[in-house]
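Listed below are the residues making up each chain.
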Amino acid sequence: MTKDEQLRLSLLLAFQAVITHGGKIEGDAEKRILGLAQRMNEFCDLQLKQAFPEEMIKLVDDKGAAEIDDAIAIHIENLRTKSSTQLPQDKESLIQLYDRLQQRKSRRMQWQFYATAKEEKVADLILQLLDDEIEDLDAGAKQ
């Protein structure tokens, strides 16, 4: 989630909270919404590292991933605001975007597992994946 998305979410949640408790947007409601959104965002900035410490999950960062993530953020924003986006025309760039989006989706899906899995379970899964790699390499050598 980008910083802009985080700020937007804080603002939306604050708006919902004020509407739920006050019913109408009148008087100083806009000021209360903005103040609450700022406090929500500040709270998240302060508490995020305690709730999800970096040491808990250190993921491999692929070279060039940040640039691709920036491009993805632009496409997401275009789709949200304009309902369309202009994807690159060359196959290499398309594959890079597709591959990175697949990685991000996989990481989102696996996050809960990473946070709760015991070391033995992770080690067993690594051994299984290593065996799969060996099988794939051996199959490639036979062809």
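Residues numbered from 1 in each chain as written. Predicted model: local features only at pLDDT ≥ 70, side-chain atom pairs only at ≥ 80, totals over all residues. Heavy atoms only, no water.

S.K.: Residue-level account of a negative patch on the surface, with values.
M.R.: Residues Asp131, Asp132, Glu133, Glu135, Asp136 and Asp138 make up a contiguous surface patch of negative charge. Take Asp132: it is sitting in helix α5 (residues 119–142). (Patch = residues over 30% accessible without salt bridge, like charges linked within 9 Å, V, L, I, M, F, W, Y side chains within 5 Å. Areas by Shrake-Rupley, 256 points an atom, 1.4 Å probe, with all protein chains shown as cover. Salt bridge = Lys/Arg side-chain N within 4 Å of Asp/Glu carboxyl O. Lys, Arg positive; Asp, Glu negative; His and termini not counted. Charge placed at Lys NZ, Arg CZ, Asp CG, Glu CD. Helix = DSSP H or I, 4+ residues; strand = E, 2+ residues; numbered from the N terminus.)

S.K.: Go over unusual backbone geometry, please, and point to the residues and values.
M.R.: Of note in this structure, Ser83 is not a glycine but carries a positive phi near 60°. One can find Ser83 in the loop between α3 (65–82) and α4 (91–116). According to the relative accessible area criterion, Ser83 is exposed, its value standing at 63%. (Buried < 20%, exposed > 50% of the residue type's maximum accessible area, 1.4 Å probe, protein only.)

S.K.: Can you tell me about α4, naming the residues and giving the values?
M.R.: Over its 26 residues, α4 runs 38 Å from end to end, which matches the ideal 38 Å to within 8%, given 1.5 Å per residue. Of all the bends in α4, the greatest measures close to 45° and is centred on Gln110. (Expected span 1.5 Å × (residues − 1). Bend = angle between axes of the 7 residues up to and from the residue.)

S.K.: Residues and numbers for the nonpolar core, please.
M.R.: Judged by nonpolar contacts, Ala14, Val18, Ala29, Ile33 and Ala37 together constitute the single largest core of five residues. Mapped by element, the contributors of at least two residues to this core are α1 (3–22) and α2 (29–51). In terms of residue count, the dominant contributor to this core is α2 (three residues). Every residue in contact with Ile33, bar those within four places of it in the chain, is listed here: Leu11, Ala14, Phe15, Val18 and Ile25. (Core = buried A, V, L, I, M, F, W, Y, C linked by side-chain atoms within 4.5 Å. Contact = heavy atoms within 4.5 Å.)

S.K.: Outline the packing of α3 against α4, listing residues and values.
M.R.: Packing of α3 against α4 brings their axes to within 10 Å, and their N-to-C directions diverge by 90°. Here α3 lies roughly perpendicular to α4, going by the angle between them. Within the contact between the two elements, α3 uses Ala65, Ile68, Asp69, Ala71, Ile72, His75 and Ile76 and α4 uses Gln96, Leu97, Arg100, Leu101 and Arg104. Looking at the contact of α3 with α4, its residues break down into seven nonpolar, two polar and three charged. (Axes fitted to C-alpha atoms, helices over the stretch in contact; angles between N-to-C directions. Parallel < 35°, antiparallel > 145°, perpendicular 65-115°, else oblique. Nonpolar A, V, L, I, M, F, W, Y, C, P; charged D, E, K, R; others polar.)

S.K.: Break down a nonpolar patch on the surface for me, citing the residues and quoting the values.
M.R.: A cluster of nonpolar residues, Val122, Ile126, Leu127 and Leu130, forms a patch on the protein surface that exposes about 330 Å² of accessible area. Residue placement: Ile126 occurs in helix α5. Judged by relative accessible area, Ile126 falls into the partly exposed class, the value being 45%.

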